[in-house]
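One letter stands for each residue in the lines below.
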Amino acid sequence: MRRLAASGAAGAAGAAAAPAADSTDCAQGRSPRPRRLIDLCALWDTGVSSPAAGWKRASGIARRRLNEAETLSSVQEAQLERLEAARPGRLGSGERGPVLRMARQPPPPSVHAAILLCLLSLSGAIEIPMDPSIQNELSQPPTITKQSVKDHIVDPRDNILIECEAKGNPAPSFHWTRNSRFFNIAKDPRVSMRRKSGTLVIDFRSGGRPEEYEGEYQCFARNKFGTALSNRIRLQVSKSPLWPKENLDPVVVQEGAPLTLQCNPPPGLPSPVIFWMSSSMEPITQDKRVSQGHNGDLYFSNVMLQDMQTDYSCNARFHFTHTIQQKNAFTLKVLTNNPYNDSSLRNHPDMYSARGVAERTPSFMYPQGTASSQMVLRGMDLLLECIASGVPTPDIAWYKKGGDLPSDKAKFENFNKALRITNVSEEDSGEYFCLASNKMGSIRHTISVRVKAAPYWLDEPKNLILAPGEDGRLVCRANGNPKPTVQWMVNGEPLQSAPPNPNREVAGDTIIFRDTQISSRAVYQCNTSNEHGYLLANAFVSVLDVPPRMLSPRNQLIRVILYNRTRLDCPFFGSPIPTLRWFKNGQGSNLDGGNYHVYENGSLEIKMIRKEDQGIYTCVATNILGKAENQVRLEVKDPTRIYRMPEDQVAKRGTTVQLECRVKHDPSLKLTVSWLKDDEPLYIGNRMKKEDDSLTIFGVAERDQGSYTCVASTELDQDLAKAYLTVLADQATPTNRLAALPKGRPDRPRDLELTDLAERSVRLTWIPGDDNNSPITDYVVQFEEDQFQPGVWHDHSKFPGSVNSAILQLSPYVNYQFRVIAINEVGSSHPSLPSERYRTSGAPPESNPADVKGEGTRKNNMEITWTPMNATSAFGPNLRYIVKWRRRETRETWNNATVWGSRYVVGQTPVYVPYEIRVQAENDFGKGPEPDTVIGYSGEDLPSAPRRFRVRQPNLETINLEWDHPEHPNGILIGYTLKYVAFNGTKLGKQIVENFSPNQTKFTMQRADPVSRYRFTLSARTQVGSGEAVTEESPAPPNEAYTNNQADIATQGWFIGLMCAIALLVLILLIVCFIKRSRGGKYPVREKKDVPLGPEDPKEEDGSFDYSDEDNKPLQGSQTSLDGTIKQQESDDSLVDYGEGGEGQFNEDGSFIGQYTVKKDKEETEGNESSEATSPVNAIYSLA
């Protein structure tokens, strides 16, 4: 047999278990504000604002009446000031009375955080309850509930309706303006107003033209407490003008050329829907070559011969008249070089060449040029369009500069020729471009998109209901582009022209009311507008003085099952907002805390019902005008339990089987027992008999095999138990009945009891459930506590299956509740019902939080985190953590902070600096042990550039790279990124990216070719990203270096200057040599030369001699002949030579000196010209 989990339905109002107190789900019956005592979510319509959202408001007068004059401690005052400063709608000191009452008992930090969160989310909502008795008694200014749209387009064939409905007490009256002037309805017999409504009806059954009533209308709803306004409604009559008649000549176009057929539909209101068809009403097939643009024109990227097989007619469908108008059809005449229209060529991969059509690069048909701009309003759809011509037909692709297209909002239309972005926002502005490409080339068009915005609400003003003497405010905040202006009106008139009100103060987009009185009631309008539109909102200020009133039936009866959770509701109303208290049996203190929890809407939750909780509960609502009370009677019923469950059975076919199901239940509740077979309702036939405590099956057959479930239920709860019936054939007689019985999971233990209660231990005893033919091997004891994780069960300990009582070791200050799970080889039982609770006494923590870490989330901070301690290690109330930190290896004093969460952020830290961190637990009983010190680091930043980046090229095939780590890592290096690209002159190759580990500082690259050079860019990476990069280039190849050096040296300034200097020096040397040469010849030497002349020395009569350089003398290294004589130089004289072939002439004295001298000079000159001129050195000497 198997015991199923019993489901306990509490029934009636107490049936639903109340959710956790921190929830803000209005659907679960509570408002999102602490200690608010009216069910704002369940009882009030939306659209109404409370001036002091989240706080029980009271004016200075009310505060004095409630004697809330107690003083605060300095700490409490500081907490109060911080909370008030955090409120979005901070008012005056008139609200502090209730706040003081809350501050007298400082809540734990978690409550402070919850209050702060609630304050930020509040804009309050008090609306008159829907109770007719209250609705009819309380006065209320008008509120517009229904109106026509701002741009109201009507069908000229129907009567015109302009809607305007409002509510208020007393019921409002209505009047209209047309074009900002009073519209006298009584003077126009066609115009009437619906009864109890402001809706205008303009009837044309008796004639008239709807166009006469076009204009701007505005509705005014008025009662004695104020006037509410509708939007300005622009009324326009739908128009569907006829297409102008025109005769269209055939369109002649060359095959392959682009073509645009213009539609130019008549201007309708609203704009018509355009589509193209043939004159025979056949739709025009569209594809990426032929398609319709957004403007209605039909575009041919290139015309083909088959395009003239039909004509083309533009059609316009008008919405209101439901008519279609057709333009005269265009006829195409296609000029072609190949008149044979072979349909098989349509899908030919080279269709255009096969037809002799020249291929062309793309060009844009729409829009024109290379750039355009477009403006779109926020919230609208952005439609960008690019239609291109070309042969073959171009493909269109879309991109956004500097980012990606918004994938969640962007979609492509019209064969990728249009890009639509829905619900445009400001981040969608920027530059988009479409790329049209075919195999001949590509072009692109850039569209600059600007997103503007009509006004939209940031904080729409809400209705304000106050008590006399209270403060409040109306806030009207809107945004737009350009920034909208705000104009306040009261009862439809500009606020500047309204009568002065000393209790009202206007501060831009906010109106502040102080010490409001009954006379302050009015309807305020906020109109915010810019060039793209406007927003108009009504918000009334109503001042009510109402004593508390109960809204639920009196003396309700709530019945609930023992140990369940229930909630007692007490909705109420009053102004000022009443405070609510609960009492039991008309005596005792206010119920709140422990097993009770009072929600802000007034509901009282009892977390676990016990017998002693039965009784009469009274809720009392009180304000300065009186009090009201209601009573709820709570009855606690015993749970329904199956104490004798059906057992699994094995029966032979044809025998009788009885399944028992004995139930214990509360005698005041009606019990119903039913059976299921295989989880479906069991049909009780002739072979079955159902009794109160059993089910009998006669003549068992194979079809009776299956699972049988007994369901015992009352109107409040139910219990289930299941058994399995196995039917055997006649010959199948089991030898061992237990072996044949199916095994199942054990039944859950029951009747848990706590005894031997001590500070740190307790004895738990239980009664085992049925083992279902498989012995119980283990028991698992679980516990639940209601402070840190209420409703969550944790494993406490495990015991052998042979015991049913154990001593449990407990932690201080935990409100324990236990349950037991039985385990056998089949599986685990359902958990037992929980035991009663037992709370241990408190103590200081005996441990500190684990997993303490310090890591930077930004470059100038360090976030300290830890695993928060659970309920069994808190040991006391108000568990908190003392966080200490200081820079490592310094003698700084410890910084500290007290934290209630599990993280703390240290700000203004240097980049990646080690810190010593300690986190110590503390509760109201004392501090935990001294914590261990852990090392954390502040945030990382981008690293500096790698040092000494070197590029070497040992050969033409490889390049070696080496580098050193950055001087300032600014964190933990996670690697290096190398980007390199080959280049040859101005040509660049594809960039390649390599990522290296942080320990790698070398890289060898194999060159792809020996000619190109490479440019390398290297940067280091931390968790933040890549840091500063360093760039180097590879050396040039040898041949390229030589060529480059030749070209480079010839154009260098230093080389040109050097060549000029060398030329100048050579010129100077030539001049010096020439001067020296010109000073040569005969010199007197008698006075200078002491050695007597030899007989061989040539001498003239005047004592002079011929001077010549030693260079003209025979050299010391002259060659010697074989006979030892010196070989004569060509310069040696010969009488034969000077005698001109032996015919020399002599002077009168027989000498031939003169002839010799002339001959000698002549031959020297000829000799120099013939032999020495070939040498630059000789040339210089000859000049000298």
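Residues numbered from 1 in each chain as written. Predicted model: local features only at pLDDT ≥ 70, side-chain atom pairs only at ≥ 80, totals over all residues. Heavy atoms only, no water.

Trainee: It is not clear to me how the overall build of the chain should be interpreted in this structure. Could you clarify?
Mentor: Within the chain one finds 14 helices and 83 strands. The buried share of the chain, reckoned over its 1184 residues, is 43%. Taking as baseline every contact in the chain between residues at least 6 positions apart, the subset at least 24 positions apart corresponds to 66%. When the accessible surface of the chain is summed, it comes to about 62,900 Å², and 50% of that surface belongs to carbon and sulfur atoms. (Helix = DSSP H or I, 4+ residues; strand = E, 2+ residues; numbered from the N terminus. Buried < 20%, exposed > 50% of the residue type's maximum accessible area, 1.4 Å probe, protein only. Contact = heavy atoms within 4.5 Å. Areas by Shrake-Rupley, 256 points an atom, 1.4 Å probe, with all protein chains shown as cover.)

Trainee: What is the right way to read the sheet that holds strand β36 (residues 504–507) from this model?
Mentor: One key point about sheets: their strands pair by backbone hydrogen bonds, in either a parallel or an antiparallel sense. Taking strand neighbours across the sheet as the criterion, the three strands line up as β32-β37-β36 in an open arrangement whose pairing is antiparallel. Looking along the sheet, the strands with just one partner apiece sit at the ends: β32 (472–475) and β36. The average angle at which neighbouring strand axes cross in this sheet is 15 degrees, direction not considered. With four bridges joining them, β36 and strand β37 (residues 510–513) adopt antiparallel strand pairing. (Pairing = 2+ DSSP bridges. Axes fitted to C-alpha atoms, helices over the stretch in contact; angles between N-to-C directions.)

Trainee: What is the right way to read the UniProt feature "transmembrane region" (unreviewed entry) in the chain from this model?
Mentor: Residues given the UniProt feature "transmembrane region" (unreviewed entry) here are residues 1054–1075. Across residues 1054–1075 one finds 100% helix and 0% strand; the C-alpha atoms that close the span lie 32 Å apart. (UniProt positions renumbered as here; feature names shortened; annotations may be inferred.)

Trainee: How should I be thinking about the packing of aromatic side chains in this particular structure?
Mentor: Note on aromatic pairs: each is described by the distance of the centres and the angle between the planes. Within the structure shown, the criterion is met by 21 aromatic pairs. Look at Phe300 and Tyr312: their rings are 5.5 Å apart centre to centre, the planes differ by 90 degrees, and that puts the pair in the edge-to-face class. One end of the pair, Phe300, is in strand β18 (residues 298–300); the other, Tyr312, is in the loop between β18 and β19 (313–318), with 12 residues separating them in the sequence. For the pair Phe300 and Tyr312, one class covers both residues: buried. Plain terms: the ring middles of Phe996 and Phe1003 are 5.1 Å apart, the flat faces sit at 40 degrees to each other, and that makes the pair tilted. The buried category is assigned to Phe996, whose relative accessible area is 6%. Looking at Phe1003, the relative accessible area reads 14%, which means it is buried. Clustering of aromatic rings is evident, with ring pairs tying together Phe949, Trp963, Tyr976, Phe996 and Phe1003. If you follow Arg444 out to its NZ or CZ, it ends over the ring of Phe433, 4.3 Å from the centre. The lysine or arginine in question, Arg760, covers the ring of Phe875, its NZ or CZ lying 5.5 Å from the ring centre. (Phe/Tyr/Trp six-rings, centres within 6.5 Å; stacked < 30°, edge-to-face > 60°. Lys NZ or Arg CZ within 6 Å of the ring centre and 35° of its normal.)

Trainee: Before we go on, may I ask you to explain the sheet that holds strand β28 (residues 418–421) in this structure?
Mentor: Judged by pairing direction, the sheet is antiparallel, and its three strands sit side by side in the order β24-β28-β27 without closing on themselves. Looking along the sheet, the strands with just one partner apiece sit at the ends: β24 (382–385) and β27 (410–413). On average, adjacent strands in this sheet sit at an angle of 20 degrees to one another, irrespective of strand direction.

Trainee: So what exactly am I meant to see when it comes to the side chain of Ser774 here?
Mentor: The residue Ser774 is located in the loop between β60 (761–767) and β61 (778–785) in this model. Note on Ser774: relative accessible area 0%, which makes it buried. Each residue touching Ser774, except ones within four places of it in the same chain, is listed here: Lys743, Gly744, Asn824, Glu825 and Val826.

Trainee: Looking at this model, I keep getting lost on the nonpolar core. Mind explaining?
Mentor: The nonpolar side chains of a soluble globular protein tend to be buried, and buried together. If you look at the biggest cluster of nonpolar residues, it comprises 31 residues, and the most contacted ones within it are Ile162, Trp176, Leu200 and Tyr217. Elements with a contribution of two residues or more to this core: β5 (160–162), β6 (164–169), β7 (173–178), β10 (200–202), β11 (215–223) and β13 (233–237). With residues near it in sequence (within four places) discarded, Ile162 still touches Ser148, His152, Trp176, Gly198, Thr199, Leu200, Tyr217, Ile233 and Leu235. Membership of the second largest hydrophobic core comes to 22 residues, among which are Ile606, Ile609, Tyr617 and Leu634. (Core = buried A, V, L, I, M, F, W, Y, C linked by side-chain atoms within 4.5 Å.)

Trainee: Sorry, what's going on with a nonpolar patch on the surface here?
Mentor: Together, Leu1064, Leu1065, Leu1067, Ile1068, Ile1071, Val1072, Phe1074 and Ile1075 make up an exposed nonpolar region whose accessible area comes to about 770 Å². As for its placement among the helices and strands, Leu1067 is situated in helix α11 (residues 1053–1078). By relative accessible area, which is 48% here, Leu1067 ends up partly exposed. (Patch = residues over 30% accessible without salt bridge, like charges linked within 9 Å, V, L, I, M, F, W, Y side chains within 5 Å. Salt bridge = Lys/Arg side-chain N within 4 Å of Asp/Glu carboxyl O.)

Trainee: Help me understand the state of the cysteines in this model?
Mentor: Note on terminology: disulfide describes a covalent bond linking the sulfur atoms of two cysteines. By the definition in use, this model includes six disulfides. Note on cysteine connectivity: Cys570 is disulfide-linked to Cys619, with sulfurs 2.0 Å apart. Taking the torsion about the sulfur-sulfur bond, which here is approximately 70 degrees, the covalent link between Cys570 and Cys619 counts as right-handed. Pair noted here: Cys570 is in the loop between β42 (566–568) and β43 (572–575) and Cys619 is in strand β47 (residues 615–623), with a separation of 49 residues, a long-range link. (Disulfide = S-S within 2.5 Å.)

Trainee: Looking at this structure, I do not really get the pairing of strand β66 (residues 850–855). What am I missing?
Mentor: Each regular strand carries side chains that alternate between the two faces of the sheet. Relative to strand β67 (residues 861–867), β66 is paired through four bridges, and the arrangement is antiparallel. Each residue of the ladder has a partner; that of Glu855, found in β67, is Glu863. The hairpin turn running from β66 into β67, its antiparallel successor, is five residues long.

Trainee: I keep staring at the environment of Ile421 and nothing clicks. Help me out?
Mentor: Structurally, Ile421 can be placed in strand β28. Overall, Ile421 belongs to the buried group, its relative accessible area being 0%. In this structure the C-alpha to C-alpha distance between Ile421 and Asp408, which are 13 residues apart in sequence, comes to 8.9 Å. With sequence-adjacent residues up to four places away left out, Ile421 is seen in contact with Met380, Asp381, Leu382, Pro406, Lys409, Ala410, Asp428 and Tyr432.

Trainee: For this particular structure, what's the right way to read the side chain of Asp666?
Mentor: Its location among the elements puts Asp666 in the loop between β52 (662–664) and β53 (672–677). Lys637 is the oppositely charged side chain nearest to the buried, salt-bridge-free Asp666, at an N-O distance of 4.6 Å. Here Asp638 takes part through its backbone nitrogen, which lies 2.9 Å from a polar atom of the side chain of Asp666. Beyond its immediate stretch of four places on either side in the chain, Asp666 contacts Lys637 and Asp638. (Lys, Arg positive; Asp, Glu negative; His and termini not counted. Polar contact = N/O pair within 3.5 Å; in protein donor to acceptor, adjacent residues only side chain to side chain.)

Trainee: Help me out: how do you make sense of the environment of Ala171 in this one?
Mentor: Position of Ala171 relative to the elements: it lies in the loop between β6 and β7. Classification of Ala171 by relative accessible area gives exposed; the value is 63%. Taking the C-alpha atoms as reference, Ala171 lies 9.2 Å from Ala221; in sequence the two are 50 residues apart.

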